[in-house]
Amino acid sequence: DWKTSWGLGFRVNNSNGKTVVGHNGSCPGFLTSLSIYPDDTLAIVVMVNSQGAAFQKYTDAIYNAYHKYRVSAKSPALIDIEKYLGSYDAYAWSGESVVIKWKEGIAIMALPSSDPMSVTVLKYIEGDTFSVLRPDGKPTGMKMVFQKDVSGKIISMTNGSMVQKKIL
């Protein structure tokens, strides 16, 4: 029935029956959190350029999304999604887009975001083309097309005339 204890500078707490090990830190304008879930072999790091933000909501949302949408090790891979993953420049005025693993495919998370569960899910069509899905899972009619350089490396993604260059 324990709740919280400390060991070697890390907080060890019991959150809904799960052991969570971690440490938080801050300095003016920046907050960080490390949460390790040993039973899940999962670690979540949250870094926020803010003061006084409730970053635990991000950690909780990421943890819940991981369990709800994680790709099962037994799921057959339809395509090599690894090459699409990474950060893309989402135009100077709006941050970046991050392509992440989502279920058996990929999704786009816009950063910064006040809702880590708000993603644009993509469904593989063919080649390097994906259909953008609505929240109900139906196609929107829009397509996301990934472009490669001469070596075959993904360098950008395009939705209509909007090109986002891969930055990581």
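Residues numbered from 1 in each chain as written. Predicted model: local features only at pLDDT ≥ 70, side-chain atom pairs only at ≥ 80, totals over all residues. Heavy atoms only, no water.

## Brief notes about the packing of aromatic side chains
Aromatic ring pairs: the centre-centre distance and the angle between the two ring planes describe each pair.
Inference 1: Enumeration over the complete set of coordinates arrives at six aromatic pairs.
Inference 2: When the ring of Y84 is compared with that of F146, the centres are 4.6 Å apart and the planes differ by 55°; the resulting orientation is tilted. Of the two residues, Y84 sits in the loop between α1 (56-69) and β6 (86-89) while F146 sits in strand β11 (residues 139-148), which places them 62 residues apart along the sequence.
Inference 3: Taking relative accessible area as the criterion, Y84 reaches 1% and is therefore assigned buried.
Inference 4: Judged by relative accessible area, which is 3%, F146 ranks as buried.
Inference 5: An angle of 80° between the planes, with centres 5.5 Å apart, marks the rings of F130 and F146 as edge-to-face. With F130 in strand β10 (residues 129-133) and F146 in strand β11, this residue pair connects regions lying 16 residues apart in the sequence.
Inference 6: An aromatic cluster is defined as three or more aromatic residues linked by ring pairs; in this entry it consists of Y84, Y88, Y124, F130 and F146. (Phe/Tyr/Trp six-rings, centres within 6.5 Å; stacked < 30°, edge-to-face > 60°. Helix = DSSP H or I, 4+ residues; strand = E, 2+ residues; numbered from the N terminus. Buried < 20%, exposed > 50% of the residue type's maximum accessible area, 1.4 Å probe, protein only.)

## Some points on the side chain of T59
Inference 1: Inspection of the secondary structure assignment puts T59 in helix α1.
Inference 2: The residues contacting T59, other than those within four sequence positions of it, are S33, S35, Y37, I44 and V46. (Contact = heavy atoms within 4.5 Å.)

## Comments concerning the pairing of strand β12 (residues 154-159)
Two faces make up the sheet, and in a regular strand the side chains alternate between them.
Inference 1: By the bridge criterion, four bridges tie β11 to β12 in an arrangement that is antiparallel. Bridge pairing in β12 links K148 to I154.
Inference 2: The hairpin formed by β11 and β12 contains five residues between the paired strands, and G152 there has a positive phi angle of roughly 95°.
Inference 3: Pairing of β12 with strand β13 (residues 162-165) involves four bridges; the strand directions are antiparallel. Each residue of the ladder has a partner; that of M157, found in β13, is Q164.
Inference 4: Connecting β12 to the antiparallel partner β13 that follows it, the hairpin turn spans two residues, and G160 within it adopts a positive phi of roughly 70°. (Pairing = 2+ DSSP bridges.)

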